[in-house]
Amino acid sequence: MNNNTIECKQLGKNFGALRALQNVSMQIPAGSVFGLLGPNGSGKTTTIRLMLGLLQPDAGSVSVFGLDPISQGDAVREQCGALLEHTGLYERLSAEDNLNFYGQIWHMPQRELQARMQELLGKLDLWDRRKELVGNWSRGMKQKLAVARAMLHQPKLVFLDEPTAGLDPVAAAALNNDLLKLVKDEQATIFLTTHNLSEAEKVCNLVGVLRKGQLIAFGGPHTLTQSTGNAVVDIFGQNLTASAILEKLRGLPHVQQVEAVDDHLVIELEGKTEPAEVIKTLVMNGAAVDEVRRRQADLEESFLKLMEEENA
Amino acid sequence: MLRDMWTISKKDIKEVLFSRGNKRGGLISILVVVGLIGVYFPLFSQDTWFTSPISVLNWAWMPIFMVTSLVTDSIAGERERHTLETLLASRVKDQAILLGKISAAVLYGWGLFMVSLLVGAITINIANWGGPLQFYPLGFFIACAGLSLLLCVFISTIGVFVSLRAPTARIAYQRLSLSMLALVMLPVILVQLLPKGSLAPMLASLETINLQLVFWILGIALLGLDTLFILAALARFKRTRLILE
């Protein structure tokens, strides 16, 4: 028996003439925190809907826990929790009523439901406000409550469709911390979609990149940053950003990109190229180099690189 | 499945009660209906409330119309507020969601009508304190209960189709209310169009009509329509289709 919670083979979905998803194949092992990255309209939400049996695929197949989400949808959804595109909260009801309703939907015994509500709302700092109408809450609080609802019945697989979308950075960071804490405690498989790459880098141990319905990269965040192959060099010093120097640097072989950021330079080098040639050019053109920091491109840079490559 | 239906019905009724931001607003609208049909009209009619029970039916439309607000809010409204997709992503079967929503509307409208009828009986007995205990003719009461139940199911199922096609809850409510109003007003308009002098003999023949037979015919017709519409609604209410809409 394999250890994959989700398996897609050549999965495809069309909406009329629009090919929303094409030939998507991936395997997500149990216990992973998987992040599906991609710009708006790349097919992230469609992928989740297919996995939950809310849409029927037009090509290929998807299995969740070894089950077909269309013909065995009830059995699949039984083991899943979901925070979809919208929070899906009943704003005219209190937070407690919302969780009570879903607890009854999941057939949780009343005592267990109360204990679980207290545990989750306590962890998310919402316990004291559980009697308030959700409609009066801030967006961040609603998102937290929606996360609690998705986790309520301790599902084996949790879908979170852009959980931090629309939140300010402080609220997003707080929710991410809460998510990490919950993931650690619950030991569930998490399927997360986002276009916030630093969030994915922090939270996920497996990522995939979707673009125009095609999966263009799949692997660990570290593998992904390496797969784009390029190294980034940060150079600090004096007289670095003169336009004549920037022109010379851009003309060097193996230099992909040169950017002046405040008082330093960020240079992207092809593959494993050493920055010696760059430093030599700088010094020969009158710049003083104080410090050179070589690093691997982060997920955001790798993602943008992937998008550019695809566009090209 | 019954348990899931009941859970959904309870939630839908609770949502309607809280639709004005607090429970008091919802309870006030219920009290207004019960106050009118259960207290004001019986006091106004006095003994004829029981002896000429047709007057009861004059006001039956009022709670039954409340079905329209609940059914459109629970389907078109839930879709508009983006809560339906999350419910569809849960373990509950399509049938349980649909039947739960129909049951909520029926329980609300029919329950309100039956409570109003019973409060009406209490009102008359209190008004005639010391006199013999009075109640509706049993056959009429049973017919009223049965027909109003079937009518509520009928309105709810029509409401499902209207809600599924309407972009917002407000539009769904307007369309359904207008259709129901047309259904109620049509006989009135037809009567107005009758040639002069033909109305009196018609009313005279109505007095001799076998009401029991009329109730049976109406009941069987409504039962047939309800069954047909529920089956059609079940065929229509599918997750994979609802998401695309």
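Chain B is annotated in an unreviewed UniProt entry as ABC-2 type transport system permease protein from Pelolinea submarina.

Under an unreviewed UniProt entry, the name given to chain A is ABC-2 type transport system ATP-binding protein, and the organism recorded is Pelolinea submarina. In its Sequence similarities (unreviewed entry) section, the UniProt record describing chain A reads: "Belongs to the ABC transporter superfamily."

Right, let's talk about the overall build of chain B for a bit. A count of helices and strands for chain B gives 12 helices and 0 strands. Starting at the N terminus and ending at the C terminus, chain B contains elements arranged as α-α-α-α-α-α-α-α-α-α-α-α. In terms of overall dimensions, chain B is globule-like: its C-alpha atoms have a radius of gyration of 20 Å, near the 18 Å expected for 245 residues. In terms of principal-axis extent, the alpha carbons of chain B reach across some 55 × 45 × 30 Å. In chain B, the proportion of contacts linking residues at least 24 apart, taken out of those at least 6 apart, comes to 82%. For chain B, the exposed area adds up to about 12,600 Å²; of that, 73% sits on carbon and sulfur atoms. In chain B, 20 positive and 12 negative side-chain charges are present, and the distance between their average locations comes to 4 Å.

On to the pattern of salt bridges. What the rule picks out here adds up to 25 salt bridges over all chains. Close ionic contact of Asp12 of chain B with Lys11 of chain B constitutes a salt bridge, the shortest N to O distance being 2.7 Å. Lys11 of chain B carries the same exposure label as Asp12 of chain B, and that label is buried. In this structure, the salt-bridge partner of Arg81 of chain B is Asp73 of chain B, at a minimum N-O distance of 3.3 Å. In this structure Asp73 of chain B comes out as buried when scored by relative accessible area, which is 14%. By sharing partners, the salt bridges in this structure join Arg92 of chain A together with Lys11, Asp12, Glu15, Asp73, Glu78, Arg81 and Lys101 of chain B into a single network.

Bringing the side chain of Thr5 of chain A into the picture now. All names here are of chain A. Relative to the helices and strands, Thr5 resides in strand 1 (residues 4-15). Judged by its relative accessible area of 4%, Thr5 is buried. In terms of polar contacts, Thr5 uses its side chain to reach the backbone amide nitrogen of Ala30, at 3.5 Å. Within the local environment of Thr5, its side chain forms a polar contact with the side chain of Thr189, the two groups lying 3.4 Å apart. Beyond its immediate chain neighbours, meaning those up to four positions away, Thr5 contacts Ile28, Pro29, Ala30, Ser63, Val64, Phe65, Leu157 and Thr189.

Quick look at the packing of helix 5 (residues 61-80) of chain B against helix 8 (residues 138-165) of chain B now. Residues and elements named next belong to chain B. Relative to each other, helix 5 and helix 8 sit at 30°, their axes nearing to 9 Å. By the criterion of interaxial angle, the relationship of helix 5 to helix 8 is roughly parallel. Considering only the axes of helix 5 and helix 8, their crossing is right-handed. Listed contacts from helix 8 to Ile64, Val67, Thr68, Val71, Thr72, Ile75, Ala76 and Arg79 of helix 5 are Ser148, Leu151, Cys152, Ile155, Ser156, Gly159, Val160, Ser163 and Leu164. Its residues assigned to classes, the contact of helix 5 with helix 8 comprises 10 nonpolar, 6 polar and 1 charged.

We now examine the interface of chain A and chain B. Between chain A and chain B, the contact holds 29 residues from the first and 29 residues from the second. Contact between chain A and chain B buries roughly 2,900 Å² in total, counting both sides, with carbon and sulfur atoms accounting for 60%. For the pair chain A and chain B, the number of links is 6 salt bridges. Arg92 of chain A is the partner of Glu15 of chain B in a salt bridge, and the nearest nitrogen-oxygen pair spans 3.5 Å. Linking chain A to chain B there are 13 residue pairs in polar contact (both at pLDDT 80 or more).

Reading the values: the criteria
Residues numbered from 1 in each chain as written. Chains lettered and ligands numbered in written order. Predicted model: local features only at pLDDT ≥ 70, side-chain atom pairs only at ≥ 80, totals over all residues. Heavy atoms only, no water. UniProt positions renumbered as here; feature names shortened; annotations may be inferred. Helix = DSSP H or I, 4+ residues; strand = E, 2+ residues; numbered from the N terminus. Rg over C-alpha atoms; globule rule 2.2 N^0.38 Å. Contact = heavy atoms within 4.5 Å. Areas by Shrake-Rupley, 256 points an atom, 1.4 Å probe, with all protein chains shown as cover. Lys, Arg positive; Asp, Glu negative; His and termini not counted. Charge placed at Lys NZ, Arg CZ, Asp CG, Glu CD. Salt bridge = Lys/Arg side-chain N within 4 Å of Asp/Glu carboxyl O. Buried < 20%, exposed > 50% of the residue type's maximum accessible area, 1.4 Å probe, protein only. Polar contact = N/O pair within 3.5 Å; in protein donor to acceptor, adjacent residues only side chain to side chain. Axes fitted to C-alpha atoms, helices over the stretch in contact; angles between N-to-C directions. Parallel < 35°, antiparallel > 145°, perpendicular 65-115°, else oblique. Left-handed = near helix turned anticlockwise from the far one by under 90°. Nonpolar A, V, L, I, M, F, W, Y, C, P; charged D, E, K, R; others polar. Buried area = accessible area lost by both parts, 1.4 Å probe.

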